[in-house]
Amino acid sequence: MAYLHLIYIDFKNSFVYKIDTVIGIFSSVLSLYMYIFLWRALLGGEAADVAALREMVTYQAIGVLLVICYDMEVASLVGGKVMDGSISMDFIKPYSFALSMLCGSIGRTAGNFVKKGIPYLAMAFLITGFQLQIRLDMFPVFCVVVLGNMLLYWLIFFSIGLLHFILISAKWFRKIMGDLIKILGGSVVPIWYFPKQLAGIVLALPFWLLFQFPQSVLIGKLSMQEIRTNLLLLYVWVIVFALAAVILWRISVRFITIQGG
């Protein structure tokens, strides 16, 4: 029950800042507009292949939605607790610190989807004339993929938050990783447009699973065999980053013990 309450608190808190909500929706719609003009230009202006343009606009619309829902704030929250010393209080609370942070992320993600994601989707359908080419039959698969992606994304940024114990401040690393994940994840440009050698390197990293994989699922770009293979790979990376987080946490506890004398 304590963890459910933590989810509820962060869900409720996500509705506090009304201006942030309006700006978030506006920036998301603006991003989609920019992508529409970009792909129209790349695919040949007004004479662009309509099917290809719809596919890429749909791909980008899903990518913007994922950016809204993924939560990187956990890195800042963990870092803030380390830097102001309040992390010490979390060691005496009767629940797991990592799980409490995860519950907070779940609450914020749900809040962001309700306050920003749903209005953004409605406006995305309106500005594209209801021409988003979404495969509704793939939606259940998409949901399974995104749940795994949210966990992987959270583990990456929770681990970055733990780096504050070692680096004192890792804010710069959080910003770099956020931008790097978008670019190498295929959120901005699909990896199938990357040069062959660069694409090979990118596919060896986990970031494309966070964006290109779910975006490709919902536009019907992947076969069921490819989806199963990618899902397996996704959860392998989840295990890898979970182990990394456990190791970083144990190192972090040592640093607290040393600093506390």
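Residues numbered from 1 in each chain as written. Predicted model: local features only at pLDDT ≥ 70, side-chain atom pairs only at ≥ 80, totals over all residues. Heavy atoms only, no water.

(A) Expanded view of the packing of helix α6 (residues 97-127) against helix α7 (residues 139-162). Between α6 and α7, whose axes approach to 11 Å, the crossing angle comes to 125°. Here α7 runs oblique to α6, going by the angle between their axes. When you trace α6 past α7, the crossing you get is right-handed. Facing F97, A98, M101, L102, S105 and T109 of α6, the residues of α7 in contact are M150, W154 and F158. For the contact of α6 with α7, the class distribution of residues is seven nonpolar, two polar and no charged. (Axes fitted to C-alpha atoms, helices over the stretch in contact; angles between N-to-C directions. Helix = DSSP H or I, 4+ residues; strand = E, 2+ residues; numbered from the N terminus. Parallel < 35°, antiparallel > 145°, perpendicular 65-115°, else oblique. Left-handed = near helix turned anticlockwise from the far one by under 90°. Contact = heavy atoms within 4.5 Å. Nonpolar A, V, L, I, M, F, W, Y, C, P; charged D, E, K, R; others polar.)

(B) Structural detail: a nonpolar patch on the surface. A surface patch of nonpolar side chains, amounting to about 610 Å² of accessible area, comprises I166, L167, W172, I176, L180, I247 and I251. Those elements that place two or more of their residues in the nonpolar patch are α8 (164-167), α9 (171-184) and α12 (224-259). In terms of residue count, α9 provides more of the nonpolar patch than any other element does, three residues in total. On the secondary structure map, I166 appears in helix α8. Judged by its relative accessible area of 34%, I166 is partly exposed. (Patch = residues over 30% accessible without salt bridge, like charges linked within 9 Å, V, L, I, M, F, W, Y side chains within 5 Å. Areas by Shrake-Rupley, 256 points an atom, 1.4 Å probe, with all protein chains shown as cover. Salt bridge = Lys/Arg side-chain N within 4 Å of Asp/Glu carboxyl O. Buried < 20%, exposed > 50% of the residue type's maximum accessible area, 1.4 Å probe, protein only.)

(C) Layout of α6. Spanning 31 residues, α6 covers 43 Å between terminal C-alpha atoms, matching the ideal 45 Å at 1.5 Å per step. Its maximal kink placed at F113, α6 deviates by approximately 40°. At the N-terminal end of α6, a side-chain oxygen is found 3.4 Å from the backbone nitrogen of A98, two or three residues along, and the residue is S96. Immediately downstream of α6, the backbone of G129 shows phi near 65°, a positive value. (Expected span 1.5 Å × (residues − 1). Bend = angle between axes of the 7 residues up to and from the residue. Polar contact = N/O pair within 3.5 Å; in protein donor to acceptor, adjacent residues only side chain to side chain.)

(D) Spatial organisation of the packing of aromatic side chains. All told, the structure shown has twelve aromatic pairs when counted by the stated rule. Judged by centre distance (6.2 Å) and plane angle (50°), the rings of W192 and Y193 are tilted. Accessibility expressed as a relative area gives 32% for W192, which makes it partly exposed. Clustering of aromatic rings is evident, with ring pairs tying together Y70, Y153, F157 and F211. The ring of W192 is capped by K221, whose NZ or CZ atom sits 4.9 Å from the centre of that ring. (Phe/Tyr/Trp six-rings, centres within 6.5 Å; stacked < 30°, edge-to-face > 60°. Lys NZ or Arg CZ within 6 Å of the ring centre and 35° of its normal.)

(E) Fine view of α7. With 24 residues, α7 should cover 34 Å at 1.5 Å per step; its first-to-last C-alpha distance of 34 Å lies within 8% of that length. Of all 24 residues in α7, 17 are buried; the element is thus mostly enclosed.

(F) Highlighting the side chain of Q212. Tracing the backbone through its elements, the reader meets Q212 in helix α11 (residues 212-218). Relative accessible area serves as the criterion here: at 10%, Q212 is assigned to the buried category. A distance of 2.5 Å separates a polar atom in the side chain of Q212 from the backbone nitrogen of I191.

(G) Structural view of the environment of F241. By the secondary structure assignment, F241 is in helix α12. Judged by its relative accessible area of 18%, F241 falls in the buried class. Expressed as a C-alpha distance, the spacing of F241 and I87, which sit 154 residues apart in the sequence, is 22 Å. Other than its neighbours up to four places away in sequence, F241 contacts L152, L155, I156, S159 and P206.

(H) Broad picture of the nonpolar core. Y120, I156, F157, F158, I181, L210 and F213 are the most contacted members of the largest nonpolar core, which has 67 residues in total. For L210, the contacting residues outside a window of four places in its chain are L66, Y70, N149, L152, Y153, I156 and I181. (Core = buried A, V, L, I, M, F, W, Y, C linked by side-chain atoms within 4.5 Å.)

(I) Layout of the confidence of the model for the protein. Looking at the protein as a whole, the pLDDT averages 83, with 93% of positions reaching at least 70. Taken together, the stretch residues 257-261 has pLDDT below 50 and engages in one contact with residues farther than four places along the chain or on a different chain. (pLDDT = per-residue confidence, 0-100.)

(J) Structural detail: the environment of A122. Relative to the helices and strands, A122 is located in helix α6. It is 21 Å that separates the C-alpha atoms of A122 and V188, two residues lying 66 residues apart in sequence.

(K) Focus on the pattern of salt bridges. This structure, assessed with the given rule, holds six salt bridges. The partner of E55 in a salt bridge is K221, with the nearest N and O atoms 3.0 Å apart. A residue pair is termed long-range when its members are at least 10 positions apart, and E55 in helix α3 (residues 50-69) and K221 in the loop between α11 and α12 qualify at 166 residues. The partly exposed category is assigned to K221, whose relative accessible area is 37%. Put simply, R108 and E73 hold a salt bridge, and the shortest N to O gap is 3.7 Å. Pair noted here: R108 is in helix α6 and E73 is in helix α4 (residues 73-84), with a separation of 35 residues, a long-range link. Judged by relative accessible area, E73 falls into the partly exposed class, the value being 40%.

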